[in-house]
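Letter by letter, the chains look like this.
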Amino acid sequence: MGTALIYDEEMTSYKLLWDDPECEVEVPERLTVSYEALVRSGLADHCVSIPVREATEEEILLIHSEEYLEKVKKTPHMSVQELKDFALQFNAVYFHPNSYHCAKLAVGAALQLVDHVLMGKVRNGMALVRPPGHHSMRDAACGFCTFNNVAIAAQYAKQKYGLKRVLIVDWDIHHGQGVQYCFEDDPSVLYFSWHRYEHSIFWPHLPESDYDAVGKDKGVGFNINVPWNKVGMTNSDFLSVFCHVLLPVAYEFCPELVLVSAGYDSGIGDPEGEMCATPDIFAHLTHLLMNLAGGKVCAVLEGGYNLTSLSQSVCQTVQTLLGDPNPRPENLRSPCQSALESIHCVRWAHRRYWSCLGHAADLSSFQISTKPSGSPKEAGESTWKDKVAVVWPEPVKRVAPPVRTAALLSDEAVCPEGCKRLATSDKLDPRVAGKLRENFLEGEGDSEALSALSGLITLTEKMEKDEILNGLAVVRDITMATACVVQHVTMAPNNRVLVVCVGDGEAPSNITEDRKALVVRIGSRETKQSKCKNDIPVCLKKGCADVSGVIQAVFGLLLPLGYEFDPSLVLLVRMPGSEVSDGVWQQLTGLLQCLAQGHVLVLIQECEKSCVSPTACSLLGEPAPPLGQLQAPLPQDVEDMERLRRKLLADWTLLQTTAADTG
Ligand code: X5A
Ligand code: ZN
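Let me begin by describing the structure that accompanies this report. (Residues numbered from 1 in each chain as written. Chains lettered and ligands numbered in written order. Predicted model: local features only at pLDDT ≥ 70, side-chain atom pairs only at ≥ 80, totals over all residues. Heavy atoms only, no water.)

## Some thoughts on the pattern of salt bridges
Enumeration over the complete set of coordinates arrives at 22 salt bridges. Across the pair Glu26 and Arg30 runs a salt bridge, and its minimum N-O distance is 2.7 Å. Both residues of the pair, Glu26 and Arg30, count as buried. Here Arg53 and Glu59 are joined by a salt bridge, their closest N and O atoms 2.9 Å apart. Residue class for Glu59 comes out buried when judged on its relative accessible area of 11%. (Salt bridge = Lys/Arg side-chain N within 4 Å of Asp/Glu carboxyl O. Buried < 20%, exposed > 50% of the residue type's maximum accessible area, 1.4 Å probe, protein only.)

In structure tokens form, the structure reads like this:
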């Protein structure tokens, strides 16, 4: 199952024909540089290329009015002056004799992508299109957009394939108000948008772009706006919104398809967005969506006006869709106050509609900065874009190790398809063997145990050398195996290991002492106060069998901790009697691959070995199956997790969900 790439040079065949400072950033080169970057990097070659087609009138009318379509239809025959006058009826748009043709191709490209994904011809994909779509409305062009490509795609998917739940993630830096208007009363389409807002000073200056626009009537709760009230938002701010707003809600919603309004004007260097998130963040945003909807993710280009930032970010997105390991997240720090205020407000506004947010803190006593008065910014007024040349390092080349998944199994076990079997009896450096004997095996030990541990060490070393991406090992003594891997890996000065223990059972002690290991244990056992700050027990009343509880812990605690800790290896440990379902386990395995450049080692206690094949699938990059719409987590568990989160706040800034969490 591949990744689709949809592009046609024809969509570069229109441009602005007169002077208009507001529209001049929307140039044909946006597509050519993006596509050329994909070709140059070799990524295009790995994609399945799918031809565009023109959308039919019937398809355009899924969202737009006949009157509007008839008007746009006339544009190919207009003179420049007529085009100019026509465009003046709308906000921030231009037309060209070829715009209409391209607009039909842009819609058609989005539909081709949805068709190929929903028919199972490809797993996921991206469509590089012009004109963009998310601002256009039933009766109007707006913000460079003619037809609403993504809205039409959502409606088409519902109608043609009978989908009941579609998620639209709009990471463009502008509010896709057109999409919001289409679906604000429709509970079958969950629309999420973050956007530069500055308390409505920023275009398009709409009160309905604020966090309190939560949807209407039956669709109440299904419109999520995260306004950015300051420029300069960073990777941390973006990731925080994903962890603390979008992902818990998206998992509760359980979409059957994810459409991404993939605008890259939210990236660094963009003259419209003026944000500071680096191109690699788009790899993470993409990855974090790829275990929803069984991996059916369709990204459709919207904005993005810094050609360098745009093309690098498009490459990051496509490379992640292809399944290549993610880069380590760059310089994460504390989310900023303004972002935290926005996060808090949107969680609070949605607390009634989503049980994962039901506990959002009441901060009525806390001062949230209010709307500054002042006139709207005029287009081009910002001096920022002229003053500074924004520079950032080129993203590091992401290379997939020659072996994706290795398996360490007992001789009689069959190796899961696609995995490379490693011999347990690989020869071992005598010094390491001696150390193992001394630390773990009490003197001589039995040779079988020694060869098992030595196999593990060999595996971690190959992962460190990027010869192997990830792996799984079935072990007899999981406590010893965990301790052994942690000790070996953390011997190297710059290594850190995130250990995620699922289920009860004896977690190894004393491995967190030098702070190079962070242990998060998810289980049902009431643990006494943990001895070490880096040993974090998450206790769920019903243990790991509780899907909602585990998911709540994953996004509220585990991922933010993981991102901030930034491990060089993730050790996912399956304790005996973990009771975790295959589905939840695969989600965990899939999601954790966003860390440590995808270096995840899964340790499985022998008695749990029935999970070997689902584990192998996830490690090989297969998306996890959907978990179904989630119930509310147990109030007691939520309260306990919230208490734990507060306790950890002092050490981990990405756990903040409100501006009151600091200081
Ligand atoms: C698709 C998109 C932006 C329009 C900005 C007008 N449109 N000031 O990014
Ligand atoms: Zn935009």
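Let us keep going from here.
## Here we look at the side chain of Ser311
Summarising the element assignment, Ser311 is placed in helix H11 (residues 307-321). Given a relative accessible area of 11%, Ser311 falls into the buried group. Leaving out residues up to four positions away in the same chain, Ser311 has contacts with Val33, Ser34 and Ala37. (Helix = DSSP H or I, 4+ residues; strand = E, 2+ residues; numbered from the N terminus. Contact = heavy atoms within 4.5 Å.)

## Some words on the coordination of the zinc ion (ligand 2)
Protein-derived coordination of the zinc ion (ligand 2) comes from Asp172 (OD), Asp172 (OD), His174 (ND1) and Asp265 (OD), at a distance range of 2.0 to 2.6 Å. Counting along the primary sequence, the residues that act as donors to the zinc ion (ligand 2) give the motif D-x1-H-x90-D. A relative accessible area of 4% means that His174 is categorised as buried. (Donors = N, O, S within 2.8 Å, 3.2 Å for Na, K, Ca; no water.)

## Description of the sheet that holds strand S16 (residues 600-605)
Sheet architecture is open: eight strands sit in the order S10-S9-S11-S16-S15-S12-S13-S14, paired in parallel fashion. Single-partner strands in this sheet number two, and they are strand S10 (420-421) and strand S14 (535-539). Pairing geometry for strand S15 (residues 569-574) and S16, over five bridges, is parallel. Each residue of the ladder has a partner; that of Arg574, found in S16, is Ile604. In this fold helix H15 (residues 447-464) packs onto strand S9 (403-408), strand S11 (468-475), S15 and S16, with an angle of close to 165° to the strand it touches most, S11. (Pairing = 2+ DSSP bridges. Axes fitted to C-alpha atoms, helices over the stretch in contact; angles between N-to-C directions.)

## Side note on helix H17 (residues 547-565)
Because the α-helix completes a turn every 3.6 residues, residues three or four places apart line up on one side. Within H17, the axis deviates most sharply at Val554, by approximately 45°. Most of H17 sits inside the fold, with 17 of its 19 residues counted as buried. The backbone nitrogen of Ser548 has a side-chain oxygen 3.3 Å away, supplied by the residue at the start of H17, namely Asp546. In the stretch just after H17, Asp566 is the one whose phi turns positive, near 50°. (Bend = angle between axes of the 7 residues up to and from the residue. Polar contact = N/O pair within 3.5 Å; in protein donor to acceptor, adjacent residues only side chain to side chain.)

## Thoughts on the environment of Cys356
Inspection of the secondary structure puts Cys356 in the loop between helix H12 (337-349) and helix H13 (384-387). Each C-alpha atom, one on Cys356 and one on Val245, is 9.1 Å from the other, the two residues being 111 residues apart in sequence. Apart from the residues within four sequence positions on either side, Cys356 is in contact with Pro248, Val249, Glu252 and Gln552.

## Notes on unusual backbone geometry
Cis peptide bonds are those with omega within 30 degrees of zero, and the linkage from Arg130 to Pro131 qualifies with -10°. Counting through the fold element by element, Pro131 comes out in the loop between strand S3 (122-127) and helix H7 (149-161). Following Trp203, the chain continues to Pro204 via a peptide bond in cis, the omega torsion being 5°. Of note in the backbone geometry, Asp566 takes a positive phi value of approximately 50° without being a glycine. By relative accessible area, Asp566 is classed as buried at 16%.

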